[in-house]
Amino acid sequence: MSGRILVTVALGAAVGLMGCTSKSRTVDVSPTVNKSPTCANAVTVFEGRGQVPTSYYELAWVETEGNSVWTSDNQMLQKMKTQAAAVGANGLIANPVQANKTGVNVLGEAVGAHTATARASGLAIWMPGQSDRTRLACGTH
């Protein structure tokens, strides 16, 4: 898998009031660093590089998009944590969710125009010093 550019695009329909995200994408930024998948529970979210308490490896850029009327910021963050865990991360440096919720777009969404969108992105990271915490969070030995 070395030298690969991993681009995973998962397209799903936004499910009305259930609030699912509609698009996700993961881009491998360190093809030489291969990690086994972790679990979303092990992924600690940081608001900036300065908050990361230890040295780390950058693994992948994760992005998700959903309907800003029906999808909460927490749902967007959970989706990114799942994406980060899939590439073996135990941390995520997340950018703030950017949502388009103006009145016209909300009205457009109500009539099915799909005009209200929310986007989130972040950097999936591996912190070697957090290996024990990661194993404990994922229930592995």
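As a starting point, this report considers the structure included with it. (Residues numbered from 1 in each chain as written. Predicted model: local features only at pLDDT ≥ 70, side-chain atom pairs only at ≥ 80, totals over all residues. Heavy atoms only, no water.)

**Considerations on the overall build of the protein**
Move 1: Along the backbone of the protein there are three helices and seven strands.
Move 2: Secondary structure elements of the protein occur, N-terminal to C-terminal, as β-β-β-β-α-β-β-α-β-α.
Move 3: Looking at the protein as a whole, 38% of its 141 residues are labelled buried.
Move 4: In the protein, the share of contacts with a sequence separation of at least 24, taken over all contacts with a separation of at least 6, comes to 76%.
Move 5: As displayed, the protein offers around 7,800 Å² of accessible surface, 56% of which is attributable to carbon and sulfur atoms. (Helix = DSSP H or I, 4+ residues; strand = E, 2+ residues; numbered from the N terminus. Buried < 20%, exposed > 50% of the residue type's maximum accessible area, 1.4 Å probe, protein only. Contact = heavy atoms within 4.5 Å. Areas by Shrake-Rupley, 256 points an atom, 1.4 Å probe, with all protein chains shown as cover.)

**Points about helix α1 (residues 73-86)**
The α-helix winds at 3.6 residues per turn, so residues separated by three or four positions along the chain end up facing the same way.
Move 1: Taking 1.5 Å of rise per residue, 14 residues should cover 20 Å, and α1 covers 20 Å from first to last C-alpha, within 8% of that figure.
Move 2: Glycine 88 occupies a position one or two residues after α1 and carries a positive phi of about 95°. (Expected span 1.5 Å × (residues − 1).)

**Describing the pattern of salt bridges**
Move 1: Inspection of the entire model under this criterion finds three salt bridges.
Move 2: Across the salt bridge formed by arginine 119 and glutamate 65, the nearest N and O atoms sit 3.1 Å from each other. Here arginine 119 is found in strand β7 (residues 117-126), whereas its partner glutamate 65 is found in strand β4 (residues 57-67), with 54 residues between them in sequence.
Move 3: Exposure remark for glutamate 65: the relative accessible area of 17% places this residue in the buried category. (Salt bridge = Lys/Arg side-chain N within 4 Å of Asp/Glu carboxyl O.)

**Some remarks on the state of the cysteines**
Move 1: In the structure shown here, the tally under the stated rule is one disulfide.
Move 2: Here cysteine 39 connects covalently by a disulfide to cysteine 138, the sulfurs 2.2 Å from one another. Given an S-S torsion of about -100°, the disulfide between cysteine 39 and cysteine 138 has left-handed geometry. You can see cysteine 39 sitting in the loop between β2 (21-28) and β3 (44-46) and its partner cysteine 138 sitting in helix α3 (residues 131-138), a full 99 residues away along the chain. (Disulfide = S-S within 2.5 Å.)

**Some thoughts on the packing of aromatic side chains**
Move 1: Within the structure shown, the criterion is met by zero aromatic pairs.
Move 2: Of note, lysine 35 hangs over the ring of tryptophan 126, and the distance from its end group to the ring centre comes to 4.0 Å. (Phe/Tyr/Trp six-rings, centres within 6.5 Å; stacked < 30°, edge-to-face > 60°. Lys NZ or Arg CZ within 6 Å of the ring centre and 35° of its normal.)

**Let's talk about the environment of alanine 89**
Move 1: With respect to the helices, strands and loops of the structure, alanine 89 is situated in the loop between α1 and β5 (91-94).
Move 2: Sequence separation between alanine 89 and leucine 123 is 34 residues; the distance between their C-alpha atoms is 9.4 Å.

**Describing the pairing of β5**
Move 1: Alternating positions in β5 separate into two faces, Gly91 and Ile93 on one and Leu92 and Ala94 on the other, with burial throughout.
Move 2: In this structure, β3 lies alongside β5, joined through three bridges in parallel fashion. Opposite phenylalanine 46, over in β5, you have isoleucine 93 as the bridge partner. (Pairing = 2+ DSSP bridges.)

Everything listed is a geometric property; what it means functionally is a separate question.
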